[in-house]
Amino acid sequence: MSHAATTVPGHDQSHPELGFIRRYVFSLDHKVIGIQYIVTGLLMALVGAALATLIRLQLGWPERTWPLLAQLLPKGYAGGVMAPEFYLAVVTMHGTIMVFFFMSYVLVSGFGNYLVPLQVGARDMAFPLANMLSFWIGALSALLMIASFFVEGGAAAAGWTAYPPLSAVATAVPGSGMGQTIWLLSMAFFIASFTLSGLNIVATVFSVRAPGMSMWRMPLTVWSYFIASILGLLAFPALTAAAVMLLFDRHAGTSFFLPAGLVVGGRHLTNSGGSPLLWQHLFWFLGHPEVYVLILPALGIACDIIPAFTRKPIFGYRLSVWCLVAVGALSMVVWGHHMFVSGMSPFTGEYFSIATMTITLPMTVFGVNMLASLRGGAIRMGVPMMFSCAVLALFGSGGLGGLYLGNATADMQLTDTYFVVGHFHMMIGGVTLMATFGGLHYWFPKMFGRMMNETIGKAHFWLTFTPFFIIFFMQHFLGIQGAPRRYYAFTAYDFLRETRIQNLVVSSCAMVLIASQSLFVVNFVWSLFRGAPAADNPWEATTLEWTTSSPPPHDNFGQAELTVHRWPYEYGVESGDRDFADQRVPPGRVPVTA
Amino acid sequence: MQLALEPELSRREETVRLGLWMFLATVAMLFAAFASAYLVRRGGSDWMRINLPPVLWLNTALLVAGSGALEAAHAVGARRRWLSASAACGVALALGVGFLLGQLVAWEQLLSAGVDMPESPHSSFFYMLTGAHALHVVAALGVMLWTGLLTWTGAGRRQPRRWAAAMHSTRTIWHFLLGVWLFVFALISLY
Ligand code: HEM
Ligand SMILES: [Cu+2]
């Protein structure tokens, strides 16, 4: 490959000193944009956590009054009692914010932006300007979503899945009015932003890799972002289409999703013939791939952390890559498993069951490969490693629940109960959360040139993982007892009275979980300013980002010529006084094993 | 000297092409989603066909002619006949604007016949699909205008590679949207 062909955007231009605004606000640097996404996502997580607190206060102590909350939120807590409509809005916004504005931003756009160019040896993303636009459109969409709390009627209340008719009839519940409209607009911006950053990731992986960085030498993190981005690009337009149609149903009198004969608030609606199930199909055509968009990077991150702490190569690298590809492809054709009770034909249900069972195969192989990577290693129990083990634990437990749900017969009983809530929190909540914390501890030194505190990190780990596991493990059993999700006052039902104590335990654990996140906040902020200075490669890891300084210069690798000579998991080799060889070490110095 | 129609691409040009195609793939998925919704909704008991205004055929012709004009602009530009190329770009732009106006006429005719969006599911889809397509055409006209300006101001003469890349993107987008339109038109008139 000729040298000229390897120049990439951002490299050949010289970089005059940029002012503060160009450098940190409207920056084109993928590292700055990545960190902007991460910080935005973490702030949104605080909002999401506050909402979770309200949910769990209501469910744990259903007949208490909350004078303090009544003062803070006079509309939602009139007389100190949570209003049922407010509860619905809180649940809806908790889900929306956590899935789209916390996890998607931190894990996919944030780490994706930061890591992908560094790990493939590029000087920046393929389209830096589109990347900056992506962040600012994304920030706008987050602001819009938050703003919807303050409009007439409050935030959307139709669930993060926005099923019509609740989401389509503006008079259905207070949140169905302005709040729902803003929800839809915000999602449209979100999709635009995610599309821009997805295009960037795919194009970067395809065409701006360093010389020698063949696809089979890419770290699993890069592979996972690559596949997740393709998935996102193909799946998100379905929600765009659905959102457009829903907006027309709401504001132009069409009947895409509204059936005939609806009576809302004593008023007979004139719509006819629309199909609420059509929305469900379109939503889940996006929604199911979206959950994999989130979990694949989480698994990828864990796969890159593990070898650095076991000092041996990841087990079954190529097989794992093929599993990612298979999971990506299959995830486009299983969406119907969210709709088993929607009256679909048993044959369709059978198909979706079988497809769903099929997707557990590559997922299981991937998980077993991760487990096997632990075997026989000289494990260093650093904080990133602890979180990676938690990724594995939650992935296994959540996947087990998925097996029951994927079986149409069992799902008839379990759907819309807390079993589902437990399942998806372990997956989309837990695996991703643990990977986020693991990744932040692991790459913090690279991002900011300082180490995070180990002791606080370990305390934070135990105070996060333990209550998290208890909460969502117990929710599976609540579901088996028949407790429906999204109910505001379970005490109104005789058969649920016995779940009282369980809900109390869950809520108490939730309070511990949420409170202990302050440890992380303290650690993060304190380490930013006072953390021990980080070496270039504090974890003795092999991928390219560790071969440059901490934090890396604007063009990532400085003047140095960048050539990749080996795969990303060259651990446990003889290399002078070291037991690893980074991807730039030439074969003459250390033999290439893969 | 003649510019090669397909010069060897630089790494950067390849990346841009790839990015463009991926973006168009998402647009294709968007219309595929609309189309699948159409197929599902078509089964509803209240489906009532509307009569599509015949001006749509004329609009289709304008769009096809626009593609032709762009091809001509590309071909003469590659032979460095910049004046003809500018003229051809101008024609393509005019045809594109003509298409949009024609679509407006179609809306106007339907509306004055009393067929508005909620009238029937068929009309709902008609307005939505033509509207979504028209928005994409507006964006494409922006790109086309840019390429036309490159040609007309002589920037293309000074930087032929840049011109060729811009021309390539414009043609790709325009032909793609023509394809989308033929698909949409066939769907709403045949099924
Ligand atoms: C082992 C593989 C998995 C299987 C077999 C599986 C199966 C299912 C099924 C059948 C449902 C629908 C339950 C119902 O509503 O009745 C479901 C819900 C869900 N799953 Fe999974 N799942 C798997 C992995 C995952 C992963 C990896 C994630 C996310 C990262 C995830 C996230 C979700 C979410 C968010 C929902 C609930 C959405 C909602 O109704 O609000 N699942 N899963
Ligand atoms: Cu699913």
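Structure report, in brief. What you are looking at is a predicted structure, and each value in this text was computed from that prediction instead of being measured. (Residues numbered from 1 in each chain as written. Chains lettered and ligands numbered in written order. Predicted model: local features only at pLDDT ≥ 70, side-chain atom pairs only at ≥ 80, totals over all residues. Heavy atoms only, no water.)

1. Brief notes about the overall build of chain B
Part 1 of the argument: Looking only at helices and strands, chain B has six helices and zero strands in total.
Part 2 of the argument: Across its three principal directions, the C-alpha atoms of chain B cover 65 × 30 × 20 Å.
Part 3 of the argument: Going through the 191 residues of chain B one by one, you find that 53% of them count as buried.
Part 4 of the argument: Taking all contacts inside chain B whose residues are at least 6 apart in sequence as the whole, residues at least 24 apart take part in 81%.
Part 5 of the argument: Surface exposure of chain B reaches about 8700 Å², of which carbon and sulfur atoms provide 69%.
Part 6 of the argument: Across chain B, the mean location of the 14 positive side-chain charges is 12 Å away from that of the 9 negative side-chain charges. (Helix = DSSP H or I, 4+ residues; strand = E, 2+ residues; numbered from the N terminus. Buried < 20%, exposed > 50% of the residue type's maximum accessible area, 1.4 Å probe, protein only. Contact = heavy atoms within 4.5 Å. Areas by Shrake-Rupley, 256 points an atom, 1.4 Å probe, with all protein chains shown as cover. Lys, Arg positive; Asp, Glu negative; His and termini not counted. Charge placed at Lys NZ, Arg CZ, Asp CG, Glu CD.)

2. Considering the site of ligand 1
All names here are of chain A.
Part 1 of the argument: Residues in contact with ligand 1 amount to 21 residues; listed here are only the nearest, Trp 160, Asp 411, Thr 415, His 423 and Arg 485.
Part 2 of the argument: Within the side chain of Trp 160, one N or O atom sits 2.9 Å away from an oxygen atom of ligand 1.
Part 3 of the argument: One of the side-chain nitrogen or oxygen atoms of His 423 is found 2.9 Å away from a nitrogen atom of ligand 1.
Part 4 of the argument: Looking at the shell around ligand 1, the elements with two or more residues in it are α8 (276–310), α10 (346–374), α11 (383–406) and α13 (418–448).
Part 5 of the argument: Here the shell around ligand 1 gets five residues from one element, more than from any other, and that element is α13.
Part 6 of the argument: Of the residues in the shell around ligand 1, the class split is 10 nonpolar, nine polar and two charged. (Near = heavy atom within 4 Å. Polar contact = N/O pair within 3.5 Å; in protein donor to acceptor, adjacent residues only side chain to side chain. Nonpolar A, V, L, I, M, F, W, Y, C, P; charged D, E, K, R; others polar.)

3. Overview of the coordination of the iron atom of ligand 1
All names here are of chain A.
Part 1 of the argument: The protein supplies the iron atom of ligand 1 with one donor atom, His 423 (NE2), which lies at 2.1 Å.
Part 2 of the argument: A separation of 4.5 Å is found between the iron atom of ligand 1 and the copper ion (ligand 2).
Part 3 of the argument: Tracing the chain through its elements places His 423 in helix α13. (Donors = N, O, S within 2.8 Å, 3.2 Å for Na, K, Ca; no water.)

4. Things to note about the pairing of strand β3 (residues 571–575) of chain A
Part 1 of the argument: In this structure, β3(A) lies alongside strand β4 (residues 578–580) of chain A, joined through two bridges in antiparallel fashion. The residue of β4(A) that forms the bridge with A:Tyr571 is A:Phe580. (Pairing = 2+ DSSP bridges.)

5. Side note on the interface of chain A and chain B
Part 1 of the argument: Counting residues at the interface gives 34 residues for chain A and 23 residues for chain B.
Part 2 of the argument: The interface formed by chain A and chain B holds zero salt bridges in total.
Part 3 of the argument: For the interface between chain A and chain B, the tally reads eight residue pairs in polar contact (both at pLDDT 80 or more).
Part 4 of the argument: Listed by contribution, the elements that provide at least two residues to the side of chain A that touches chain B are α6 (178–207), α7 (220–251) and α8 of chain A.
Part 5 of the argument: Looking at the side of chain A that touches chain B element by element, the count peaks at nine residues for α7(A).
Part 6 of the argument: In the side of chain A that touches chain B, the residues fall into 23 nonpolar, 10 polar and one charged. (Salt bridge = Lys/Arg side-chain N within 4 Å of Asp/Glu carboxyl O.)

6. With respect to the packing of aromatic side chains
Part 1 of the argument: For the coordinates displayed, the defined rule picks out 62 aromatic pairs over all chains.
Part 2 of the argument: Here the aromatic rings of A:Phe387 and A:Phe461 are separated by 5.0 Å at their centres, their planes lie at 85°, and the arrangement is edge-to-face. With A:Phe387 in helix α11 and A:Phe461 in helix α14 (residues 454–480), this residue pair connects regions lying 74 residues apart in the sequence. A single burial state applies to A:Phe387 and to A:Phe461, both of which are buried.
Part 3 of the argument: Between the aromatic rings of A:Tyr487 and A:Tyr493, the centroid separation amounts to 5.4 Å while the plane-to-plane angle is 40°, which identifies the pairing as tilted.
Part 4 of the argument: A:Tyr487 gets classed as partly exposed once you look at its relative accessible area, which sits at 35%.
Part 5 of the argument: Under the relative-accessibility criterion, A:Tyr493 is labelled partly exposed at 35%.
Part 6 of the argument: In this arrangement the basic side chain of A:Arg318 is found over the ring face of A:Trp216, its NZ or CZ atom lying 4.3 Å from the centre.
Part 7 of the argument: The residue whose ring lies beneath B:Arg42 is B:Tyr191, and the NZ or CZ to ring-centre distance is 4.9 Å. (Phe/Tyr/Trp six-rings, centres within 6.5 Å; stacked < 30°, edge-to-face > 60°. Lys NZ or Arg CZ within 6 Å of the ring centre and 35° of its normal.)

7. A word on a nonpolar patch on the surface
Residue and element names in this part refer to chain A.
Part 1 of the argument: Taken together, the side chains of Val 39, Leu 43, Leu 46, Val 521, Val 525 and Phe 529 present a nonpolar region at the surface, about 550 Å² in accessible area.
Part 2 of the argument: Every element with two or more residues in the nonpolar patch is listed here: α2 (30–60) and α15 (500–530).
Part 3 of the argument: Its place among the elements puts Val 525 in helix α15.
Part 4 of the argument: According to the relative accessible area criterion, Val 525 is partly exposed, its value standing at 40%. (Patch = residues over 30% accessible without salt bridge, like charges linked within 9 Å, V, L, I, M, F, W, Y side chains within 5 Å.)

8. With respect to the coordination of the copper ion (ligand 2)
Residue and element names in this part refer to chain A.
Part 1 of the argument: Those donors, His 288 (ND1), His 337 (NE2) and His 338 (NE2), are the protein atoms that reach the copper ion (ligand 2), and they lie 1.8 to 2.0 Å from it.
Part 2 of the argument: The motif formed by the donor residues of the copper ion (ligand 2), counted along the single chain, is H-x48-H-H.
Part 3 of the argument: Under the relative-accessibility criterion, His 288 is labelled buried at 5%.
Part 4 of the argument: Residue class for His 338 comes out partly exposed when judged on its relative accessible area of 29%.

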